[in-house]
Amino acid sequence: MFLYLSQEDVIKCDGLDMKMAIDDMRRLFLLHYNGATIVPHKLSLRWGDLKSESRIGRINAMPGYVGGDVNVAGIKWVSSKPDNPLKRGLPRASALIILNDPETLFPVAVMDGTLISAMRTGAVTGLAAMYLCREDASILALIGAGVQAHTQLMAVKSVRPSVREVRVFDLNLARSDAFIETERNNYPDVLFVKALSAETAVRDADIVITVTTSMEPIVKASWVKEGAFLVNAGNYEYEPDVVYECDKVILDDWDEVVHRGIQTVAVMFKEGAFHRERCYAELGELVVGEKKGRVAENEKIFFGAVGMGVEDLIIAKRVFDKALENKIGVWLSLWDKPYWF
Ligand SMILES: NC(=O)c1ccc[n+]([C@@H]2O[C@H](COP(=O)([O-])OP(=O)(O)OC[C@H]3O[C@@H](n4cnc5c(N)ncnc54)[C@H](O)[C@@H]3O)[C@@H](O)[C@H]2O)c1
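Quick notes on the sheet that holds strand 13 (residues 248–251)
In space, the 8 strands of this open sheet follow the order 10-9-8-11-12-15-13-14, with parallel pairing throughout. The open sheet has two edge strands with one neighbour each: strand 10 (191–194) and strand 14 (281–282). Examined bridge by bridge, strand 8 (residues 139–143) and strand 11 (residues 207–210) share 4 bridges and lie parallel to one another. From the neighbouring strand, Leu140 faces strand 11, where its bridge partner is Ile207.

A short note on a nonpolar patch on the surface
Together, Leu45, Trp47, Ile56, Trp77 and Leu96 line one region of the surface with nonpolar side chains, adding up to about 470 Å² of accessible area. With respect to the element layout, Ile56 can be found in the loop between strand 3 (43–46) and strand 4 (58–66). Using a relative accessible area of 30% as the deciding quantity, one classes Ile56 as partly exposed.

Describing the site of the ligand
The full set close to the ligand counts 24 residues, and Arg120, Asp170, Thr212, Ala233 and Ala305 are the nearest of them. One of the backbone nitrogen or oxygen atoms of Ala305 is found 2.7 Å away from a nitrogen atom of the ligand. A distance of 3.3 Å separates an oxygen atom of the ligand from a polar backbone atom of Val306. Calculation on the ligand without its partners gives an accessible area of 860 Å², and the protein chains cover 89% of this total. Sorting the residues of the shell around the ligand by element identifies helix 4 (114–132) and helix 5 (147–159) as the ones contributing at least two each. Its residues placed into classes, the shell around the ligand shows 8 nonpolar, 11 polar and 5 charged.

Points about the packing of aromatic side chains
Counted according to the given criterion, the structure contains 5 aromatic pairs. Ring geometry for Phe106 and Trp335: centres 6.0 Å apart, planes at 85 degrees, overall edge-to-face. With Phe106 in the loop between strand 6 (93–100) and strand 7 (107–112) and Trp335 in the segment after strand 16 (330–332), this residue pair connects regions lying 229 residues apart in the sequence. The exposure class assigned to Trp335 is partly exposed, which follows from its relative accessible area of 41%. Here the guanidinium or amino end of Lys248 rests over the ring plane of Tyr280, the centre of that ring lying 5.0 Å away. The ring of Tyr280 has Lys291 lying over it, and the distance from NZ or CZ to the ring centre is 5.5 Å.

Some points on the environment of Leu90
If you trace the backbone, Leu90 turns up in the loop between helix 3 (84–88) and strand 6. Residues within four places of Leu90 in sequence aside, it is in contact with Asn84 and Pro85.

Observations regarding the domain arrangement of the protein chain
In terms of domain boundaries, the protein chain breaks down into domain 1 (2–117 + 309–332) and domain 2 (134–304). Between domain 1 and domain 2, the C-alpha centre-to-centre distance is 23 Å. For the domain 1 and domain 2 pair, buried surface summed over both sides reaches about 2200 Å², with 64% attributable to carbon and sulfur atoms. Taken as a group, Met18, Phe29 and Tyr33 account for 26% of the area that domain 1 buries against domain 2, more than any other trio of residues on that side. Here domain 1 is connected to domain 2 by 2 salt bridges.

Criteria and cut-off values
Residues numbered from 1 in each chain as written. Predicted model: local features only at pLDDT ≥ 70, side-chain atom pairs only at ≥ 80, totals over all residues. Heavy atoms only, no water. Pairing = 2+ DSSP bridges. Helix = DSSP H or I, 4+ residues; strand = E, 2+ residues; numbered from the N terminus. Patch = residues over 30% accessible without salt bridge, like charges linked within 9 Å, V, L, I, M, F, W, Y side chains within 5 Å. Areas by Shrake-Rupley, 256 points an atom, 1.4 Å probe, with all protein chains shown as cover. Salt bridge = Lys/Arg side-chain N within 4 Å of Asp/Glu carboxyl O. Buried < 20%, exposed > 50% of the residue type's maximum accessible area, 1.4 Å probe, protein only. Near = heavy atom within 4 Å. Polar contact = N/O pair within 3.5 Å; in protein donor to acceptor, adjacent residues only side chain to side chain. Nonpolar A, V, L, I, M, F, W, Y, C, P; charged D, E, K, R; others polar. Phe/Tyr/Trp six-rings, centres within 6.5 Å; stacked < 30°, edge-to-face > 60°. Lys NZ or Arg CZ within 6 Å of the ring centre and 35° of its normal. Contact = heavy atoms within 4.5 Å. Domains from an automatic or database assignment. Buried area = accessible area lost by both parts, 1.4 Å probe.

Quick look at the structure:
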């Protein structure tokens with residue numbers, strides 16, 4: 001038997017709690033640093049080269065195992081169809097998560113992973129911001145106003161409540177409008193500004209987060225102010241000079257960023273323009289205190305996060321436990337009686 005949880009069920013089981021999600025990420029990166037995770041490389045099903053993903057889409061298989069007291073294996077199977085929002089009125093991404101019991105290795109849960117995926121992506125930024133972002137940050141620039149932008153904002157506001165102005169730039173201005181309309185109600189203390197260019201959003205911003213489907217650089221080095229915290233959560237969205245001019249470059253996981261090959265640092269590495277030694281730290285090293293995060297107010301800090309399936313799994317396990325406790329979801333069976341064994 002396995003438990004099926006819809007997105008509504010996931011929400012009932014604290015799926016939208018950003019503070020919990022950030023705490024999950026802290027535990028996850030601690031376990032990851034200590035070698036208590038297994039992270040096979042992402043496998044991408046696509047219908048062309050890497051760049052075709054921004055037109056045609058792709059589906060990623062992201063298996064993993066989280067050890068320690070979490071002790072769960074599983075996979076996120078996540079699709080991306082960039083024209084879904086405009087052409088079909090559907091989200092770009094949809095995801096299923098399967099959790100497997102560590103004893104039998106049987107599936108014990110199948111749940112919506114779309115919401116968990118967005119929450120953990122925001123939460124990773126939130127965790128990184130705790131170490132890398134100025135405490136008095138007040139202006140946030142969001143480049144891309146899609147689904148991920150919502151959880152990026154949630155995460156930033158939960159660790160840097162000092163943020164009072166959020167500038168939103170999206171190529172599709174209607175998406176900026178819709179984003180602002182929703183978030184204005186959630187954060188009445190914030191001034192939301194619809195930016196008409198990426199440059200006007202980024203100049204003077206303390207935090208810049210790119211979450212677009214673009215495969216071409218958007219953010220230029222000359223726009224970035226001293227002391228800024230820059231997050232590359234989408235693809236190749238920063239010109240290489242931005243990275244060169246940063247005092248510190250931190251990644252969620254070097255191997256995963258390089259293997260996936262789509263973000264700014266990965267593209268630079270492929271072209272021989274960035275070397276492993278230039279990566280100051282992985283996020284886990286900051287979490288365990290092996291390396292210091294921000295040490296000066298004027299440091300420009302670049303954080304690239306490509307995401308790992310284990311991030312989804314740790315949240316999914318918490319959601320599953322809560323569902324068991326509160327008897328939420330629908331039990332389904334693979335068979336009445338196994339045909340062979
Ligand atoms: N790093 C991670 O762990 C992680 C996790 C989930 C999603 N992502 C990535 O984040 C990106 C955004 O995901 P989403 O779910 O918000 O998608 P979405 O389709 O909901 O939103 C993306 C937005 O980017 C805008 N955009 C595209 N090109 C742009 C440009 N040049 N300038 C400004 N805006 C532009 C689009 O108009 C769209 O509104 C995707 O590339 C996705 O693969 C990363």
